Amino acid sequence: MAATDLSLESAEAVNEGSLRFLATLPAKPVHHHQNRILISPDSLVSGWVSLSQCHDHLDAVPQAQITFREGFVRDLRIDVASGIGTARVEGASVQLQHVAPGARLCLSAQTRALHSAGAGVFDLVNGPYMRRFLDGYYPMRVTLEVTYPQQTLKLTDVDPPLQPGLTIVEQPGHIRLDALFEGELRTRMQFELRNDHR
């Protein structure tokens, strides 16, 4: 999320460095980026997964954009846009104009985020997630929920690991990661084929 934001925080408060997790929420609501990803059996062959994404507490700015990596997103569409003057899909991005306080945006797409590492190992890679201001970053919250075929795959690793500011909840066939941070967050979840599917 790249935006010019002069109304919520001062430029002196912007993080210019690397990823830093925050143990407590800031006083003001932060941009909450929510992702729901579905890994299907077909994803193991194609690498494409289904994505539903929502943004709450968007910054009130004249212009902003949500960007995806070229060639790694398809069927991108806007499902909900409230408190936003104009929202349009442009290539691998969503362009926003006249974003009001309390605005909400929800998208859906297919993303090529699952990568085979060989030997029955798959990496689900997402990000970078960021709330950018010029050359620095403001606090942001990301929630990532992944559903996968538990009869075929087992989760073996999550990066970054559990720590203050980052919670991870696992259930059979489902994992939820919730992060509060400044900077750029990249996530990797590693899966392995179960022995009877190798």
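As a reminder, the structure under discussion sits directly above these lines.
Read on for a plain summary of the structure. Owing to the predicted nature of the structure, the values given are computational and were not obtained by experimental measurement.

Points about the packing of aromatic side chains
Remark: the centre distance and the inter-plane angle together describe each pair of aromatic rings, the angle taken between the planes. Here the structure, examined in full by the defined rule, presents one aromatic pair. Lying over the aromatic face of W48, R74 brings its terminal NZ or CZ to 4.1 Å of the ring centre. Sitting over the ring of F72, R112 keeps its end group 4.5 Å from the ring centre.

Topic: the sheet that holds strand β9 (residues 121–129)
With antiparallel pairing, the four strands of this open sheet are ordered in space as β8-β9-β16-β13. The open sheet terminates on both sides in strands that have one partner only, identified here as β8 (114–118) and β13 (153–159). Taken over all neighbouring pairs, the strand axes of this sheet differ in orientation by 25 degrees on average, direction set aside. The pairing of β8 with β9 spans four bridges and is classified as antiparallel. Of the residues in β9, the one forming a bridge with H115 is D123.

A short note on the pairing of strand β5 (residues 63–67)
Only one face of β5 is covered, namely the one carrying A64 and I66; the face carrying Q63, Q65 and T67 has none of its residues buried. Across five bridges, β5 lies against strand β7 (residues 93–112) in antiparallel orientation. Paired with A64 across the bridge in β7 is L96.

The rules we used
- Residues numbered from 1 in each chain as written.
- Predicted model: local features only at pLDDT ≥ 70, side-chain atom pairs only at ≥ 80, totals over all residues.
- Heavy atoms only, no water.
- Phe/Tyr/Trp six-rings, centres within 6.5 Å; stacked < 30°, edge-to-face > 60°.
- Lys NZ or Arg CZ within 6 Å of the ring centre and 35° of its normal.
- Pairing = 2+ DSSP bridges.
- Helix = DSSP H or I, 4+ residues; strand = E, 2+ residues; numbered from the N terminus.
- Axes fitted to C-alpha atoms, helices over the stretch in contact; angles between N-to-C directions.
- Buried < 20%, exposed > 50% of the residue type's maximum accessible area, 1.4 Å probe, protein only.

Without other data, these values stay purely geometric and don't point to any function.
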